[in-house]
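A look at the structure
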Amino acid sequence: MPIYEYICMKCGEGFVLLQKVGATEKDTACPSCDSKDVKKKLSTFSCSLDTGFSHSSHSSSAHGGG
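Residues numbered from 1 in each chain as written. Predicted model: local features only at pLDDT ≥ 70, side-chain atom pairs only at ≥ 80, totals over all residues. Heavy atoms only, no water.

The next point concerns the overall build of the protein. In terms of helices and strands, the protein carries 1 helix and 3 strands. Moving toward the C terminus, one meets the helices and strands of the protein in the order β-β-β-α. A burial count over the protein gives 15% of its 66 residues as buried. Across the protein, the fraction of contacts at a sequence separation of at least 24, relative to all contacts at a separation of at least 6, is 27%. Accessible surface, the protein: about 5,300 Å² in total, of which carbon and sulfur atoms supply 56%. (Helix = DSSP H or I, 4+ residues; strand = E, 2+ residues; numbered from the N terminus. Buried < 20%, exposed > 50% of the residue type's maximum accessible area, 1.4 Å probe, protein only. Contact = heavy atoms within 4.5 Å. Areas by Shrake-Rupley, 256 points an atom, 1.4 Å probe, with all protein chains shown as cover.)

Let us now look at the confidence of the model for the protein. Model confidence for the protein is summarised by a mean pLDDT of 81, while 73% of its residues fall at 70 or above. At the level of individual helices and strands, the protein shows its lowest average pLDDT in helix H1 (residues 55–62), which scores 53, and its highest in strand S3 (residues 38–40), which scores 94. (pLDDT = per-residue confidence, 0-100.)

With that out of the way, let us pick up the side chain of Gln19. With respect to the element layout, Gln19 can be found in the loop between strand S2 (14–18) and S3. Looking at Gln19, the relative accessible area reads 9%, which means it is buried. Of note is the side chain of Gln19, whose polar atom sits 2.9 Å from the side chain of Thr28. Beyond its immediate chain neighbours, meaning those up to four positions away, Gln19 contacts Met1, Pro2, Tyr4, Tyr6, Asp27 and Thr28. (Polar contact = N/O pair within 3.5 Å; in protein donor to acceptor, adjacent residues only side chain to side chain.)

Put into structure tokens, the structure is as follows:
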């Protein structure tokens with residue numbers, strides 16, 4: 001389940017929630033004032049790519065070193 005960031009338009013409180021994929025602002029209430037007037041914030045994400053080789057071995061072969 002992804003973590004979404006929200007801001008409450010009523011009290012200004014920012015909060016994060018772990019929600020199911022596809023959850024909407026209508027499914028969300030502010031934990032401080034219980035208002036449903038919340039907006040999802042644009043957030044960054046991270047990912048990990050497992051390529052099967054280390055960065056150092058890739059860079060040495062890319063430069064012809066060994």
